[in-house]
Amino acid sequence: MIEPLGEGFGGAVYLVDCDGERLALKQLRMRSDHEVLSSKEILDNFKQEFSTLKKLNHPNILRIVDFGFESKENFYYFTTEYIEGKDIFDATRGLTPEEIEELFVQSFRALGYLHSQGVFHFDIKPTNILVGLDENGDRTVKLIDFGLTAFQKKGILAGSPAFMAPEALLEEARDGRSDLYSLGVTWYTCLTGTNPFKASDMQKTIDLQRVWHPPRVSTQSAKIPPYLDPLLEKHL
């Protein structure tokens, strides 16, 4: 292992060297003291994330490499390609609205493919959309972290509330539209620098998403063209 990259619902992620190739390794440590999930539920969800990624093949979705169990350290893991870049919020700082739009076009294409395969992400937010450079030096998006694609357990709010669709916050039925809503919130946030639904507590966040419509995005900066207003409004 070279260095830690982050940690989320499905486990910790590390940068590793595998025969000279840099990969991202997602590690699951089994815990018997988890407050709401059994060890079997945790492992089943981890395996489902690997199975989901394994069947996907799209230039804007993280590529899976391998799955295994480390017996000495007692943990399951899977490896993916390593994306050297920033999350989409940090990556779009200083970019024009048109340059930001191109990155979100790629993101919508990734979601379109995902939904065509019968898979829903359910955790779209800036940190799960990475921006790196392709072989031509052009900015390219990679959708990552599929730990919530198959996770459904009543009473557990898994995700980031300020980016979640109202039906997810209220534990109602979700589908691909929930992902589109979350991507719309992410786009608005990248254009304006502020999440319009972020509040001081969970209930306020829920209330905002149920009854409040953010101002038209073009009113937030003279640099944002009005043609983006209906596009954002359609997804919020």
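Residues numbered from 1 in each chain as written. Predicted model: local features only at pLDDT ≥ 70, side-chain atom pairs only at ≥ 80, totals over all residues. Heavy atoms only, no water.

*Asks:* Quick question: what am I supposed to make of the overall build of the protein here?
*Replies:* A count of helices and strands for the protein gives seven helices and eight strands. Here the C-alpha radius of gyration of the protein, 18 Å, is about what a compact globule of 236 residues would show, namely 18 Å. Once the C-alpha set of the protein is aligned to its principal axes, its extents read approximately 55 × 45 × 30 Å. Here the protein holds 236 residues, and 48% of them are scored as buried. Counting only contacts in the protein whose residues sit at least 6 apart along the sequence, the fraction spanning at least 24 positions is 57%. Of the accessible surface of the protein, which amounts to about 12,600 Å², a share of 48% is contributed by carbon and sulfur atoms. On the protein, the mean spot of the 26 positive side-chain charges and the mean spot of the 35 negative ones are 3 Å from each other. (Helix = DSSP H or I, 4+ residues; strand = E, 2+ residues; numbered from the N terminus. Rg over C-alpha atoms; globule rule 2.2 N^0.38 Å. Buried < 20%, exposed > 50% of the residue type's maximum accessible area, 1.4 Å probe, protein only. Contact = heavy atoms within 4.5 Å. Areas by Shrake-Rupley, 256 points an atom, 1.4 Å probe, with all protein chains shown as cover. Lys, Arg positive; Asp, Glu negative; His and termini not counted. Charge placed at Lys NZ, Arg CZ, Asp CG, Glu CD.)

*Asks:* Even after reading the chapter, I still don't get the packing of aromatic side chains, so can you show me in this structure?
*Replies:* Remark: the centre distance and the inter-plane angle together describe each pair of aromatic rings, the angle taken between the planes. Applying the stated criterion across every chain, the model contains twelve aromatic pairs. With 5.1 Å between their ring centres and 35° between their planes, phenylalanine 46 and phenylalanine 78 make a pair best called tilted. Placement of phenylalanine 46 in helix α1 (residues 39-54) and of phenylalanine 78 in strand β5 (residues 75-81) is noted, with a sequence separation of 32 residues between them. A connected cluster of aromatic rings, assembled from ring pairs, spans Phe46, Phe50, Phe67, Phe69, Tyr76 and Phe78. (Phe/Tyr/Trp six-rings, centres within 6.5 Å; stacked < 30°, edge-to-face > 60°.)

*Asks:* Help me out: how do you make sense of unusual backbone geometry in this one?
*Replies:* Backbone phi values are negative for most residues with the exception of glycine, while trans is the configuration of most peptide bonds. Positive phi is not limited to glycine here, since aspartate 19 has a value of about 55°. Following the sequence through the fold, aspartate 19 ends up in the loop between β2 (11-18) and β3 (21-29). Note on aspartate 19: relative accessible area 81%, which makes it exposed. If you check the backbone angles, asparagine 74 has positive phi at about 65° while not being a glycine. Along the chain, asparagine 74 turns up in the loop between β4 (64-70) and β5.

*Asks:* Can you walk me through the environment of asparagine 74 in this structure?
*Replies:* Overall, asparagine 74 belongs to the partly exposed group, its relative accessible area being 48%. Sequence separation between asparagine 74 and serine 218 is 144 residues, and the spatial gap between their C-alpha atoms is 52 Å.

*Asks:* What is the right way to read the packing of helix α3 (residues 97-116) against helix α5 (residues 176-192) from this model?
*Replies:* Any two packed helices are characterised by how steeply their axes cross, that is the angle between the axes, and by the distance between the axes. Viewed as axis vectors pointing N to C, α3 and α5 meet at an angle of 165°, and their least axial separation amounts to 11 Å. Judged by the angle between their axes, α3 and α5 are roughly antiparallel. For α3 against α5, the interelement crossing comes out right-handed. Between α3 and α5, the residues in contact are Pro97, Ile100, Glu101, Phe104, Ser107, Phe108, Leu111 and His115 and Gly176, Asp179, Leu180, Leu183, Thr186, Trp187, Cys190 and Leu191, respectively. The residue inventory of the contact of α3 with α5, partitioned by class, reads ten nonpolar, four polar and two charged. (Axes fitted to C-alpha atoms, helices over the stretch in contact; angles between N-to-C directions. Parallel < 35°, antiparallel > 145°, perpendicular 65-115°, else oblique. Left-handed = near helix turned anticlockwise from the far one by under 90°. Nonpolar A, V, L, I, M, F, W, Y, C, P; charged D, E, K, R; others polar.)

*Asks:* Where do I start with the pairing of strand β8 (residues 139-143) in this structure?
*Replies:* Among the five residues that make up β8, four are buried, leaving the element largely enclosed by the rest of the structure. Looking at chain direction, strand β7 (residues 129-133) and β8 are connected through five bridges and run antiparallel. Looking at the pairing, isoleucine 129 lines up with leucine 143 of β8. Hairpin connection from β7 to β8: five residues lie between these consecutive antiparallel strands, with glycine 137 at a positive phi of about 85°. (Pairing = 2+ DSSP bridges.)

*Asks:* What is the right way to read the pattern of salt bridges from this model?
*Replies:* When the charged atoms of two side chains lie near each other, side chains of opposite charge can form a pair. Under the counting rule described, the total for this entry stands at eight salt bridges. A salt bridge links arginine 93 to aspartate 90, with the nearest nitrogen and oxygen atoms 3.3 Å apart. On the accessibility criterion, arginine 93 (55% relative accessible area) is exposed. Aspartate 90 sits in the partly exposed class, given a relative accessible area of 33%. Salt bridges here are not isolated pairs; linked through shared partners, they connect Lys26, Glu49 and Asp145. (Salt bridge = Lys/Arg side-chain N within 4 Å of Asp/Glu carboxyl O.)

*Asks:* Help me understand the sheet that holds strand β6 (residues 86-87) in this model?
*Replies:* Sheet strands associate in pairs through backbone hydrogen bonding, adopting either a parallel or an antiparallel arrangement. Ordered by their spatial adjacency, three strands build an open sheet running β6-β7-β8, and the pairing between neighbours is antiparallel. Since the sheet does not close on itself, it has two edges, and those belong to β6 and β8, each with one partner. Pairing of β6 with β7 involves two bridges; the strand directions are antiparallel. Directly across from aspartate 87, in β7, lies its bridge partner leucine 130. Sheet strands in contact with α3 are β7 and β8, and its direction is about 35° off that of β8.

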